[in-house]
Amino acid sequence: MIATAGGIVSNPETYALLLRRTHTVWISAQPEEHMSRVMKQGDFRPMARNREAMADLVAILEARRGDYARAEATLDTSASSVAQSLSKLHKIAAAWLKK
């Protein structure tokens, strides 16, 4: 398993390599949840000097949506616990292992 930051799609060569050589899952959530999770980890940098941080995040996610959609599968973690998200991911991976 390779976990990358969302900005991986900004490097076309690297992203294309992952798409060709691995199974890829776009792990998504609502923008508010993204921001909340970052802040719960004690990282307040996104909001520290930028009152438009949420609008910026929404714009970034929207701009990358087409690239993220190139992933083989999508896992929406919105309103899901870690355990629920892991269960969903397991189901996705189990289908690949059956092939």
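Residues numbered from 1 in each chain as written. Predicted model: local features only at pLDDT ≥ 70, side-chain atom pairs only at ≥ 80, totals over all residues. Heavy atoms only, no water.

1. Things to note about the packing of aromatic side chains
Then step 1. Throughout the structure, instances matching the rule amount to one aromatic pair.
Then step 2. With a centroid separation of 5.3 Å and an interplanar angle of 35°, the aromatic rings of Trp 26 and Tyr 68 are classed as tilted. Pair noted here: Trp 26 is in strand 1 (residues 25-28) and Tyr 68 is in helix 4 (residues 53-68), with a separation of 42 residues, a long-range link. In terms of burial, Trp 26 and Tyr 68 fall into one category: buried. (Phe/Tyr/Trp six-rings, centres within 6.5 Å; stacked < 30°, edge-to-face > 60°. Helix = DSSP H or I, 4+ residues; strand = E, 2+ residues; numbered from the N terminus. Buried < 20%, exposed > 50% of the residue type's maximum accessible area, 1.4 Å probe, protein only.)

2. Describing the environment of Thr 77
Then step 1. Along the chain, the position of Thr 77 falls in the loop between strand 2 (73-76) and helix 5 (82-97).
Then step 2. It is 19 Å that separates the C-alpha atoms of Thr 77 and Ile 8, two residues lying 69 residues apart in sequence.
Then step 3. With near-sequence residues (within four places) excluded, Thr 77 lies in contact with Ile 27, Ser 28, Ala 29, Glu 33, Arg 37 and Ser 85.
Then step 4. Side-chain polar atoms of Thr 77 contact the side chain of Arg 37, separated by 2.9 Å. (Contact = heavy atoms within 4.5 Å. Polar contact = N/O pair within 3.5 Å; in protein donor to acceptor, adjacent residues only side chain to side chain.)

3. Re the side chain of Thr 24
Then step 1. Within the element layout of this structure, Thr 24 appears in the loop between helix 1 (12-21) and strand 1.
Then step 2. Here the side chain of Thr 24 touches Glu 72 through a polar contact of 2.9 Å, landing on its backbone nitrogen.
Then step 3. Contacts of Thr 24, omitting those with residues within four sequence positions, involve Leu 18, Leu 19, Ala 71, Glu 72, Ala 73 and Trp 96.

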